[in-house]
Structure formats: structure tokens, C-alpha cells
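# Structural features, examined
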Amino acid sequence: PYRLDLEKMSKMATHEAAHLIENLPVYDSLKDACAECNYLVGTTARTGRKRRPTENPRDLARKLITLSQNNRIGLVFGSEKWGLENSHLRLCHSLVTIPTAHFSSINLAQSVMIMCYELFMAGGPDSLAQPRLASVREQEDMYGHLREAFLAIGFINPENPDYWLNNVRRFLARLELRSKEVKLIRGFCRQILWVAGEHGCKPPEGAPGASKNPRPDCS
């Protein structure tokens, strides 16, 4: 939080919730807070052709119940004034939008209540467990490795690599990667970096970073 006022929070909380505030963990970034989660859901009211597709709370809740049997799920809510930043949304595997009639967004407490209600209603004895996914920390390390490998071979534009990496993030997020699969992808990255360094290859003609890299061709 920008300003953490535990005293004010304690006054607003019910007696039953006081222990939650007293033991509240505080982090410097969302990435640190969600590092041990396996699946993140971001809440957003921003939709459109150029934005990622979103799901509705009821359909998403059914999916989260099955994932939650062996995975830590994180629900991410933004402030009422600004919502979630793009850097926060990039960490999320899926996005959810609460449908409204005439308002673009609703307040934070209502959003949390609606999401929790849908999760409560979706739970039941017939829920099937899904295998454990890679943690956010493992996935972010993988994306950093992919970024390094893609830059080495000129696959993404070096002037704005994170922007070009967004499409890769969206693709891999749909696959719900496990730890073993993340390690496999990082193995590819290590080999790519080794070959690029060993042979001093330059990106192929027409690649986004070709004009930025003076290394000789290794064809």
C-alpha cells in the first residue's frame, strides 16, 4: 500500500477479523507478494479489442475451485481510483470482469465480496483436483530467461522487449505450466544462449533486433 495505517484498519474491522490485520503480511511489490502463488487472477473493468479477454466471476470460480486443490490461488484487486496497473496485469494468468449495467466499475469491498461469494458457491464435494502448477516466482524467472534468449537471437525488439514479450506471456499463461515444464523451457533458453554466445550469431535478416546487433552471421 502507498500508506499503511494499521490503527485505522483495526478500527474499521469487525472483532472476528482483528487477527487478520494484526498478522497482515506487507510486501514491497505485487510480484513479491504473489511469488509463492501458482495461479493469479486480476480483476479489471477495462475491456476492449486491444486488451486481453476477460472471464465472468461465475465461470472462472468453477475453474479456480479445481485448481485450488493443489495450487495456491491469488485474487488481485486494484484501488478504486486507478485499478490495476499494466505491470500488475502482466503477472496474472487470467482476468475477470464483474458485469455491471451502467457503471464501468464498482467499489473494492463489493468486488471482493462478489468474487468470494462465487468461489463459495462453486465449491463442493464433486470438485476435481488439478495438478500443481509452477509458482509465480518460477514463471517470472522463466520469462526473464526467455527475454534474455530472445534478445540474444533478435527475436524481439531490444528497444521495448517487455512489450513484445507480452504476447509470449499470454500464450504461455493459457497453458497452465507446471514446474517441470518451466524447467524444460529454461533448458531451451540456456541452450539458445550458449549457441548464440559460442558462435557469435547475429539475428536473421528482418528480425526485430537485426539492425541493432553487429555480430557475424553463423549460417
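Residues numbered from 1 in each chain as written. Predicted model: local features only at pLDDT ≥ 70, side-chain atom pairs only at ≥ 80, totals over all residues. Heavy atoms only, no water.

### Some remarks on the confidence of the model for the protein chain
Mean pLDDT over the protein chain works out to 84, with 86% of the residues at or above the 70 mark. Put simply, helix H1 (residues 6-12) is where the protein chain has its lowest mean pLDDT, 86, and strand E2 (residues 73-76) is where it has its highest, 95. When the criterion is pLDDT under 50, residues 207-219 qualifies, and its contacts beyond four places in sequence or with other chains add up to 28 contacts. (pLDDT = per-residue confidence, 0-100. Helix = DSSP H or I, 4+ residues; strand = E, 2+ residues; numbered from the N terminus. Contact = heavy atoms within 4.5 Å.)

### Re the side chain of Gln139
With respect to the secondary-structure elements, Gln139 resides in helix H7 (residues 136-152). Gln139 gets classed as buried once you look at its relative accessible area, which sits at 6%. Those residues in contact with Gln139, other than ones at most four positions away along the chain, are Asn38, His93, Ala134 and Val182. (Buried < 20%, exposed > 50% of the residue type's maximum accessible area, 1.4 Å probe, protein only.)

### Notes on a nonpolar patch on the surface
Among the surface-exposed residues, Leu4, Leu6, Met9, Leu24 and Val26 lie close enough to one another that they form a single nonpolar patch of about 380 Å² accessible area. Structurally, Met9 can be placed in helix H1. Looking at Met9, the relative accessible area reads 31%, which means it is partly exposed. (Patch = residues over 30% accessible without salt bridge, like charges linked within 9 Å, V, L, I, M, F, W, Y side chains within 5 Å. Areas by Shrake-Rupley, 256 points an atom, 1.4 Å probe, with all protein chains shown as cover. Salt bridge = Lys/Arg side-chain N within 4 Å of Asp/Glu carboxyl O.)

### Section: the side chain of Asn38
Within the fold, Asn38 resides in the loop between helix H3 (30-33) and strand E1 (39-43). A distance of 2.6 Å separates the side chain of Asn38 from the backbone oxygen of Leu133, its partner in a polar contact. Each residue touching Asn38, except ones within four places of it in the same chain, is listed here: Asn71, Arg72, His93, Arg132, Leu133, Ala134, Ser135 and Gln139. (Polar contact = N/O pair within 3.5 Å; in protein donor to acceptor, adjacent residues only side chain to side chain.)

### Section: the packing of helix H4 (residues 57-67) against helix H6 (residues 108-122)
Put simply, H4 and H6 touch, their axes get as near as 8 Å, and they point 55 degrees apart. Taken as axis vectors, H4 and H6 run oblique relative to one another. For H4 against H6, the interelement crossing comes out right-handed. Mapping the contact onto sequence places Pro57, Arg58, Ala61, Arg62, Leu64 and Ile65 in H4 and Met115, Glu118, Leu119 and Ala122 in H6. In the contact of H4 with H6, the residues fall into 7 nonpolar, no polar and 3 charged. (Axes fitted to C-alpha atoms, helices over the stretch in contact; angles between N-to-C directions. Parallel < 35°, antiparallel > 145°, perpendicular 65-115°, else oblique. Left-handed = near helix turned anticlockwise from the far one by under 90°. Nonpolar A, V, L, I, M, F, W, Y, C, P; charged D, E, K, R; others polar.)

### Structural notes on the environment of Arg147
Of note, Arg147 is situated in helix H7. Take Arg147: its relative accessible area is 31%, and that puts it in the partly exposed class. The spatial distance from the C-alpha of Arg147 to the C-alpha of Asp162 is 7.7 Å, given a sequence separation of 15 residues. Ignoring anything within four residues of it in the chain, the contact list for Arg147 reads Ile156, Pro161, Asp162 and Leu165. Within the local environment of Arg147, its side chain forms a polar contact with the side chain of Asp162, the two groups lying 3.0 Å apart.

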